[in-house]
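Here's the letter readout for the chains.
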Amino acid sequence: MANLSEFNQWLQKGLGRAVLHLRTHDPAPYREAVLYACTHDLTYDAQCEGDREIYLLDLINCVADQDFFRNGFLEALRTPPKDPERFDLGRIVEMARNFAEKGDDEMKQAMYRAVADAGFEPEPIYYEDLIKLDGLPALVIAAEHVPSDMPEDDLWQVNSLVTALQDRDGVEAANDAIRRAEQESPRLAQMLERSRLYESRFEPGEIQKHLDYVALKKMIAEKPGAMFYAGWGRTATEEELRAAASDLILEKDESRLLAYLRIFWFQPFPGPIAPVLKLAESDNVRLARFSVKVLSQLTNPAIRELGLRLLDSAGRNGDGVELLANNYKPGDFQLMETLLGEPMQVDDLHSFEIGVRHLASAHHSPEAERSLTLLYENGPCSLCRCGVVEELIALGCFPDWMREECRYDSYTETRKLVQ
Ligand SMILES: [Zn+2]
């Protein structure tokens, strides 16, 4: 029988092992831990790892004590959190919705009250669940709660509410219903109008056309922080790339250097690499990272040498392994195994994991098995775990016990891999 701290680690990572354990052991000692996981955010990266609704429902069903969870959710909706840092109203609303859907009116009232009290500002994801539950009326209520001066940067959230309704009722039916409701609710009309204006800026327009290099260079000088330089690089001619490479080498301003480096994220850098190798060791973390991204596409003994050096430097292990992707030699995965046996900060472990995944998928070597298995066990992020599992399957090194756990993994795509 697993001790609580071990069980909590499984929950945190979202391992299917937690579900299997509850199925085969007395679940009572673990029910508080499951309730905590349903009411707090334990994920490493909430934005990337998706919701854990099915996983948490599996756990709740294993505990088989509906009253305990019902009371727990009502209390969580009605009382100030004891652990506000990890308290996750969105998750609670999501879980509570499963009770409300079965006709639990008290739960439904508590959900609406808690969401209204929280205000629209934190995250409209709360309203998404109310929309899943009640459809258009919940969208209208959300509109009443949106501050009319909602900051532009938050307007994308309105779109996610519309998408929630479209997912629930179908795109056409949802759009028809919204059009009708807009006539009734000026607040809804105003909210949607602002959101549409905002979204229209991202539709293909002038900026999507391929600028010639002279215009691009002017843009880098004036707006180095713009995001589209990598996209420009994708469609650039060889001549344009050579011109950009020459200017990169001459550039001294750090923000412009970042813009030039972006151009070569998806295109091989055609200039001499020595200056980029130097930038990869810059104290400016972004400059160093962007340079690694450029170098990682090239093959050169100097890049391998830098990769091996960075592997051994704390905080740069992930960059080190990225540089080996195109500079790999058999036996490299043993270096990864050694590093995975040593303590690492969680963020470093995560970037190292991403690098090892890239290395493994570039070389499909059975040598990667042990590293991937260690990452399955210790990696903090369930999205990366999915990539690890995919690679183990591709290598034919996917043990039955792992397959069984993956059927109950918190990350839906991982479950799909073993269906
Ligand atoms: Zn990840």
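Note that the structure is a prediction, hence the values are computed from the model and not measured.

*Asks:* Any chance you could explain the environment of R234 here in plain terms?
*Replies:* With respect to the helices and strands, the residue R234 is situated in helix α15 (residues 229-235). The spacing of R234 and L42 is 192 residues in sequence and 38 Å in space, taken between C-alpha atoms. Residues in contact with R234, not counting those within four places in the same chain, are F266 and Q267.

*Asks:* Looking at this structure, how should I read the domain arrangement of the protein?
*Replies:* The accessible area lost on association of the parts is a frequent measure of interface size. The assigned domain composition of the protein is domain 1 (4-200) and domain 2 (207-417). Distance from the C-alpha centre of domain 1 to the C-alpha centre of domain 2: 34 Å. A breakdown of the residues in the side of domain 1 that touches domain 2 according to their chemical character gives 7 nonpolar, 3 polar and 6 charged.

*Asks:* Looking at this structure, I do not really get the packing of helix α16 (residues 238-250) against helix α17 (residues 254-263). What am I missing?
*Replies:* For any two helices packed against each other, one specifies the crossing angle of their axes together with the interaxial distance. Two numbers describe how α16 lies on α17: the axes approach to 10 Å, and their chain directions differ by 150°. Relative to α17, the element α16 lies roughly antiparallel. Between α16 and α17 the crossing geometry is left-handed. In contact with A244, D247 and L248 of α16, α17 contributes L257, Y260, L261 and I263. Looking at the contact of α16 with α17 residue by residue, the classes come out as 6 nonpolar, no polar and 1 charged.

What counts and what doesn't
- Residues numbered from 1 in each chain as written.
- Predicted model: local features only at pLDDT ≥ 70, side-chain atom pairs only at ≥ 80, totals over all residues.
- Helix = DSSP H or I, 4+ residues; strand = E, 2+ residues; numbered from the N terminus.
- Contact = placed C-beta atoms within 7 Å.
- Domains from an automatic or database assignment.
- Nonpolar A, V, L, I, M, F, W, Y, C, P; charged D, E, K, R; others polar.
- Axes fitted to C-alpha atoms, helices over the stretch in contact; angles between N-to-C directions.
- Parallel < 35°, antiparallel > 145°, perpendicular 65-115°, else oblique.
- Left-handed = near helix turned anticlockwise from the far one by under 90°.

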